[in-house]
Amino acid sequence: MNVPLCLLTVAHFISAAAGAQHVALERQLQEEEVRSGRRTCRLYCRVGIGFHLQIHPDGRVNGSHEPNQLSVLELFAISQGVIGIKGVYSNRFLAMNKRGRLHATEWFSDDCKFRERFQENSYNTYASVIHRNHRTGRDWFVALNKRGKAKMGSSPRVKSQHVSTHFLPRVGLHDSRERGFTIADRSKERRKAPPPVQAPPKLLTKGSVQAGAVPRRTQVKYWPKYRFG
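The shown structure was predicted, so the numbers you read here are calculated from the model rather than taken from an experiment.

Before going further, it helps to spend a moment on the pairing of strand β8 (residues 114-118). In this sheet, β8 lies alongside strand β5 (residues 82-87) in antiparallel orientation, the contact comprising two bridges. Pairing of valine 82 across the sheet is with arginine 115, part of β8. Pairing of β8 with strand β9 (residues 124-132) involves five bridges; the strand directions are antiparallel. For arginine 115, the partnering residue across the bridge sits in β9 and is alanine 127. Connecting the antiparallel pair β8 and β9 is a turn made up of five residues, with serine 122 showing a positive phi of about 70 degrees.

Here the focus is the side chain of arginine 42. In this fold, arginine 42 is placed in strand β1 (residues 38-45). A residue is classified by how much of its surface remains accessible, and arginine 42, at 9% relative accessible area, is buried.

Two side chains of opposite charge can pair, provided their charged atoms sit close to one another. Per the counting criterion, the structure on display carries seven salt bridges. Residues joined in a network through salt bridges with shared partners are Arg117, Arg132 and Asp139.

The next thing to look at is the confidence of the model for the protein. Put simply, the protein has an average pLDDT of 77, and 59% of its residues get 70 or more. The secondary-structure element of the protein with the lowest mean pLDDT is helix α2 (residues 186-189), recorded at 50, while strand β6 (residues 93-96) shows the highest, at 98. Low pLDDT, under 50, characterises residues 28-34; the stretch is placed with three contacts to residues that sit more than four places away or in other chains.

Once that is clear, we can look at the packing of aromatic side chains. Across all of its chains, the model carries four aromatic pairs by this definition. Relative to phenylalanine 108, the ring of phenylalanine 76 lies with its centre 5.7 Å away and its plane at 55 degrees, an arrangement referred to as tilted. Remark: phenylalanine 108 occurs in the loop between β7 (102-105) and β8 and phenylalanine 76 occurs in strand β4 (residues 73-79); sequence separation between them is 32 residues. Take phenylalanine 76: its relative accessible area is 11%, and that puts it in the buried class. With a centroid separation of 5.4 Å and an interplanar angle of 70 degrees, the aromatic rings of phenylalanine 93 and phenylalanine 108 are classed as edge-to-face. A residue pair is termed long-range when its members are at least 10 positions apart, and phenylalanine 93 in strand β6 and phenylalanine 108 in the loop between β7 and β8 qualify at 15 residues. Take phenylalanine 93: its relative accessible area is 13%, and that puts it in the buried class. Taking relative accessible area as the criterion, phenylalanine 108 reaches 35% and is therefore assigned partly exposed. Within the aromatic cluster, the residues linked to one another by ring pairs are Phe76, Phe93 and Phe108. Lying across the ring of tyrosine 123, arginine 46 places its NZ or CZ 4.9 Å from the centre.

Rules used throughout
Residues numbered from 1 in each chain as written. Predicted model: local features only at pLDDT ≥ 70, side-chain atom pairs only at ≥ 80, totals over all residues. Heavy atoms only, no water. Pairing = 2+ DSSP bridges. Helix = DSSP H or I, 4+ residues; strand = E, 2+ residues; numbered from the N terminus. Buried < 20%, exposed > 50% of the residue type's maximum accessible area, 1.4 Å probe, protein only. Salt bridge = Lys/Arg side-chain N within 4 Å of Asp/Glu carboxyl O. pLDDT = per-residue confidence, 0-100. Contact = heavy atoms within 4.5 Å. Phe/Tyr/Trp six-rings, centres within 6.5 Å; stacked < 30°, edge-to-face > 60°. Lys NZ or Arg CZ within 6 Å of the ring centre and 35° of its normal.

What follows is the structure in structure tokens.
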């Protein structure tokens, strides 16, 4: 047997085994997350140009159009329909205070509990468990405005029907950026026509047109005719 061919065969088997091991490891991690009730994902809000919810180490909460480390979140189950949201990089929990303002805290408390509800458009909403409008009973939701800033959950405009409260969990954390494409302008590839030779100026009489001049288009207005009867 040829030695180079044998080496190529062995290298192929090694790479195939490494790929299978990597897939098995990812599947094992996903199964562990399902069993433990934990999900690592990004929460994408389609308001404005689209933002990913991100938690900063200094306690700020806002949105970023491009995915980054601050937008990697861990969602873990507390009870049926109630979850907590933690920033993986910032190591802080998403919370809502009694005024409806979003912030991040180091210690988990009742302010960090949110009720996850699935909407008909395949997006999710996250409402505070303990904070709401006690007079009307309206829930206070996690929301972002069209500039990517966190909105007050107590605002009367923050409702479950509004797009600012709709979030889509994105599991793929290493998605490549969308690749754009350009359309070549074929007109630039054509050879430029030589400029017309300018003739010596002549006296133009009324109604005559100079050679090479583009005739002016006359604008004709059409008035609609109405027929009655």
